[in-house]
Amino acid sequence: MMGIKDFRNAKCMGFGPTIKSTWFVVLGVLALILMIPISCVSSSSPSSAEKEKIPVIFDTDICDDIDDTWALALLLQSPEFDVKLITTAVGNTESKAKTVAKFLETVGRTDIPIGIGVQQHKGNHRQDAWAKDYDLSSYPGKVRKDGVQAIIDTIMKSRRPIKLIATGPLPNIAAALEREPRIAEKAEFVGMHGSIRLGYGGGAQPSAEYNVKAFVKEAQKVFTAPWNMTITPLDTCGIVDLKDRKFQKVLKKDIALTRALMENYRAWYTEPIAKDKKLSEDEIARRVNDKVNSSSTTLFDTVAIYLGMSTDLVKMEELKVKVTDDGYTRIDEDGKLINCATEWKDLGAFEDFLVERLTK
């Protein structure tokens, strides 16, 4: 670099004005460089969206009610999430894992591990017909036989806090807390559970909501663990359904995900009707088509997926909630402080969001 002495010598030789101009240019360029934000220079660094993906475990009692399958579809269509694990809850959890595995393989998401949860029986479920020929051992991704340990390992090994989204009764989560209580320090719980002021179908009285009542002791364990909790009770999730134009958009969207979703809806809806031996095949088909081609059932669990990423469309209240022995979630001064989605700010906007996500 030219020093002051060099500059003076150049000036004596008649190059003064040129050199002086050059120095001004150099100083100007340096000033501009110093003003450029580092984010503009580091073009090779990961995008903020990639950095901020939410690590998620999804614990689902899929195959009992069809809304879990809608919730799974929404989860997979949400780029906000980095899905670390899906575990099956309640009943024949191995059979349920087949439904999850076939769905994931159908939509090209075999990167997601599956955990088989605590099993209560080896009976049938309403979506078995859809996955009856699927061999779980053929799933290209990982299948953990001990889904409870898979939950623990995923949470404890994560460098970032995990969002644990549960849309069914809680035997898996309670068992994980029993084995390793520290998971509550490294995870945030988001669930479709309870009933605060409104009951099923928007009823004026709270209900003993199924996901709580079915396994009360397990729910009590989860609802007293020292983690941050967010729930969608029946007050918000119990009034979500798609019909008319919104439902038709999903029904008629011809992509792998919506095809798998509607095939499962049809299998789920057909199963109990087909048990009636008095009905002809034509009558069974008519009844199934009347419903499956016109509207959804109540899509409780989709709201829990939404709360895993946003609360913009709901009114949130911090309430002290206690699970009673008869399966109610009561506001109680001795209860745990829980973030509760108690009202919709814009239910129509959520329905639009759901349709847009599922059909993109």
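See the structure shown above.
Overview of the structure. Because the structure is a prediction, the values reported are computed rather than measured. (Residues numbered from 1 in each chain as written. Predicted model: local features only at pLDDT ≥ 70, side-chain atom pairs only at ≥ 80, totals over all residues. Heavy atoms only, no water.)

## Section: the nonpolar core
Core analysis: the biggest nonpolar cluster contains 67 residues, and W70, F81, I305, F350 and L358 have the highest contact counts within it. Sorting elements by how many residues they give to this core places helix α15 (residues 256-274) first, with 8 residues. The contacts of I305, once residues within four sequence positions are left out, are F58, A71, L74, L75, F81 and I165. Counting residues in hydrophobic clusters, the runner-up holds 34 residues, among them A150, I162, A225 and V323. (Core = buried A, V, L, I, M, F, W, Y, C linked by side-chain atoms within 4.5 Å. Buried < 20%, exposed > 50% of the residue type's maximum accessible area, 1.4 Å probe, protein only. Helix = DSSP H or I, 4+ residues; strand = E, 2+ residues; numbered from the N terminus. Contact = heavy atoms within 4.5 Å.)

## Some thoughts on the pattern of salt bridges
Between side chains of opposite charge, pairing is possible as soon as their charged atoms come close. By the definition in use, this model includes 20 salt bridges. In this structure, E94 and K145 form a salt bridge, with 3.7 Å as the shortest nitrogen-oxygen distance. One end of the pair, E94, is in helix α6 (residues 93-106); the other, K145, is in the loop between β4 (143-144) and α8 (147-157), with 51 residues separating them in the sequence. Here E94 falls in the partly exposed class, since its relative accessible area comes to 38%. The exposure class of K145 is exposed, given its relative accessible area of 62%. (Salt bridge = Lys/Arg side-chain N within 4 Å of Asp/Glu carboxyl O.)

## Details of the layout of surface pockets
In this structure, the second largest pocket spans a volume of roughly 150 Å³. The wall of the second largest pocket is formed by 14 residues, among which D65, D67, Y210, N211 and F300 lie closest to the centre. Only α5 (67-76) and α11 (210-213) provide two or more residues apiece to the lining of the second largest pocket. (1 Å grid on protein atoms, 1.4 Å probe; cavity = no way out; pocket = protein on both sides within 12 Å on 5 of 7 lines; lining within 4 Å. Points joined across faces, edges and corners; volume = space filled by probe spheres on them.)

## Notes on α5
The element α5 is extensively covered by neighbouring structure, given that 10 of its 10 residues are classed as buried. Taken residue by residue, α5 has D67, D68, T69, W70, A71, L72, A73, L74, L75 and L76 as its buried positions.

## Quick word on the side chain of S195
When you line up the elements, S195 lands in the loop between β6 (187-191) and α11. A polar side-chain atom of S195 sits 2.6 Å from the main-chain carbonyl oxygen of L198. In terms of polar contacts, S195 uses its side chain to reach the backbone amide nitrogen of S207, at 2.9 Å. With residues near it in sequence (within four places) discarded, S195 still touches P206, S207, P233, L234, D235 and T329. (Polar contact = N/O pair within 3.5 Å; in protein donor to acceptor, adjacent residues only side chain to side chain.)

## Structural notes on the sheet that holds β4
Across the sheet, which stays open at both edges, the 10 strands sit in the order β4-β3-β2-β1-β5-β6-β7-β10-β8-β9 with mixed pairing between neighbours. Single-partner strands in this sheet number two, and they are β4 and β9 (329-331). Judged from the 7 bridges that link them, strand β1 (residues 54-60) and strand β2 (residues 81-88) form a sheet pairing that is parallel. Note on β2: the bridge partner recorded for T60 is T88. Most of the contacts of α6 go to strand β3 (residues 114-116), to which it runs at about 170 degrees, and overall it touches β2 and β3. (Pairing = 2+ DSSP bridges. Axes fitted to C-alpha atoms, helices over the stretch in contact; angles between N-to-C directions.)

## Here's the deal with the packing of aromatic side chains
Under the counting rule described, the total for this entry stands at 12 aromatic pairs. Geometrically, the ring pair formed by Y265 and W268 is tilted, given 6.5 Å between the ring centres and 40 degrees between the ring planes. Of this pair, Y265 and W268 both sit in helix α15, 3 residues apart, which is roughly one turn of that helix. Judged by relative accessible area, which is 0%, Y265 ranks as buried. For W268, a relative accessible area of 7% puts it in the buried group. (Phe/Tyr/Trp six-rings, centres within 6.5 Å; stacked < 30°, edge-to-face > 60°.)

## What about the environment of K275?
Mapped onto the elements of the fold, K275 is located in the loop between α15 and α16 (281-292). The class for K275 is exposed, based on a relative accessible area of 57%. Among the polar contacts listed, one links the side chain of K275 to the side chain of E271, at a separation of 3.1 Å.

Remember that the coordinates give geometry; whether it matters functionally is a separate question.
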